[in-house]
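# Analysis of the macromolecular model
These are the residues of each chain, in order.
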Amino acid sequence: MTSLDQRLSALELSILPTWVYDHDRYRFPWANAKAVPFWRATERAELLSRDLSDLSPAVRARLDGYVRVLADGGTVVEDWTLYPRGTPETVTLHGQGIRLDDGRLAILFQALPRRPGADASMVRGVEAVRHSTVLVSVVDREGQVLFHNPAALRALGDAPQIDAAFPDEGVGAAIRGAIDADAPWAGEVRVLTTDGERWHQVEARRTTDPVTGAPAVLIQQLDVTAQRRAEGQIEEQGRLIDQLNRSLALVEEQRRQILKLSAPILDVGRGTLAVPLIGRLDAERGGELGERLLPAIVAQRASHVVLDVTGADALDPDGAAALEQLARAIQLLGSRPILTGVRPEVAPALVDVDLGEDLLVLRSLGRGLEVSRRRAAARRRV
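Read on for an overview of the structure. (Residues numbered from 1 in each chain as written. Predicted model: local features only at pLDDT ≥ 70, side-chain atom pairs only at ≥ 80, totals over all residues. Heavy atoms only, no water.)

Let us now look at the pattern of salt bridges. Here the structure, examined in full by the defined rule, presents 26 salt bridges. In this structure, Asp158 engages Arg68 in a salt bridge whose closest nitrogen and oxygen atoms are separated by 2.8 Å. Of this pair, Asp158 sits in the loop between α6 (150-156) and α7 (171-177) while Arg68 sits in helix α4 (residues 57-71), and the two are 90 residues apart along the sequence. One connected set of salt bridges, linked through shared partners, spans Asp22, Asp24, Arg25, Asp102 and Arg104. (Salt bridge = Lys/Arg side-chain N within 4 Å of Asp/Glu carboxyl O. Helix = DSSP H or I, 4+ residues; strand = E, 2+ residues; numbered from the N terminus.)

Here it is, written out as structure tokens:
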């Protein structure tokens, strides 16, 4: 088998800069004499020793696409702006596949000088599109891909039909429909990319293919997956907060029900209300009981209220103060409080509490009810 040098010997005298690019190893394994000054090399050996691995993502994606085309037997022709030693050189590169001595596929490039009169702003525009992170594509009426910039190549691969990128039914047709629409089509849609499913903001507008003059569609896509995920997290957090608030409201309602059950207001007849207190009495619970008890006194025209602390826990200063405030509030409504069931554990907290002169303290709930009924009967006789 002839070597690479032997197979390319006829190109040594070509007036066009010509070189072989090994995309696997990022090297020039061969270059003709015209390529040496083109790449601003001091000599051929220095050019062939250069490490070309410092490629931008756009250039890497562009060359990856070339390798796929050449592997299928195709050729590539495209304008490039190269930067030998930092100096821009805009040329038209013709590329075809060539096998290296070890059998691997490389690219044989021939550089044609830029066409005379090429607009500098157009050259800059082309380079801007190629290095943009926005996915830019041009497709024909049937959705056949005519052009992908490197960002689109990286994200979408080299599928021939643009519809293959959109899993949701109707998206591809809507994009292609922009070719006959008066206004651009836009939407936030799911896209199948080389990195998996993503969300893209897509805009499709009518344009003209500059090669054939036929109507075409210009498609621009911006990856908004991170933004959409953040919005989803905010929505989920809002949902969790709503759920938490509902749970807290339920807990609060259950707590109120428990408080009511642990301090029920019983109408025992003859103008008497009985309130057996169970568990701990503190300022919060005293306030809640007052909110229920005082309206009940007015509604029932109760003359006596029996507060039974038989089932109450040992009172702390806050609990004793709550009991004092409750007794005074009962007295202000013209009803007489009766305290029953004071146990040795409760009595010490009541020593320093001023419960008022009208507060009657009795041993048991039964005794309290008996006294209140007797007094009520006496009042009726009077």
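The subject of this paragraph is the sheet that holds strand β8 (residues 185-193). Here 5 strands make up an open sheet; going across it, the order is β7-β6-β10-β9-β8 and the pairing antiparallel. Of all the strands in the sheet, the pair left with one neighbour each is β7 (145-148) and β8. On average, each strand axis in the sheet is inclined to that of its neighbour by 30°, with strand direction left out of account. As defined by bridge partners, strand β6 (residues 135-139) adjoins strand β10 (residues 215-223) across 5 bridges and the pair is classed as antiparallel. (Pairing = 2+ DSSP bridges. Axes fitted to C-alpha atoms, helices over the stretch in contact; angles between N-to-C directions.)

Moving on: the layout of surface pockets. A volume near 560 Å³ is recorded for the second largest pocket. Around the second largest pocket sit 24 residues that line it, and Trp39, Leu52, Leu55, Val59 and Leu82 are the ones nearest its centre. Those elements that provide at least two residues to the lining of the second largest pocket are β1 (18-22), α4, β3 (75-82) and α5 (120-131). Its residues assigned to classes, the lining of the second largest pocket comprises 14 nonpolar, 4 polar and 6 charged. (1 Å grid on protein atoms, 1.4 Å probe; cavity = no way out; pocket = protein on both sides within 12 Å on 5 of 7 lines; lining within 4 Å. Points joined across faces, edges and corners; volume = space filled by probe spheres on them. Nonpolar A, V, L, I, M, F, W, Y, C, P; charged D, E, K, R; others polar.)

The next point concerns the packing of aromatic side chains. A full pass over the atoms with the stated rule returns 9 aromatic pairs. With 5.6 Å between their ring centres and 85° between their planes, Phe38 and Trp39 make a pair best called edge-to-face. Comparing Phe38 with Trp39 shows no difference in burial state: the two are buried. One aromatic cluster is present, formed by Trp19, Tyr21, Phe28, Phe38, Trp39, Tyr66, Trp80 and Phe109 through successive ring pairs. Across the ring face of Trp80, the terminal group of Arg62 is positioned such that the distance to the ring centre comes to 3.6 Å. (Phe/Tyr/Trp six-rings, centres within 6.5 Å; stacked < 30°, edge-to-face > 60°. Buried < 20%, exposed > 50% of the residue type's maximum accessible area, 1.4 Å probe, protein only. Lys NZ or Arg CZ within 6 Å of the ring centre and 35° of its normal.)

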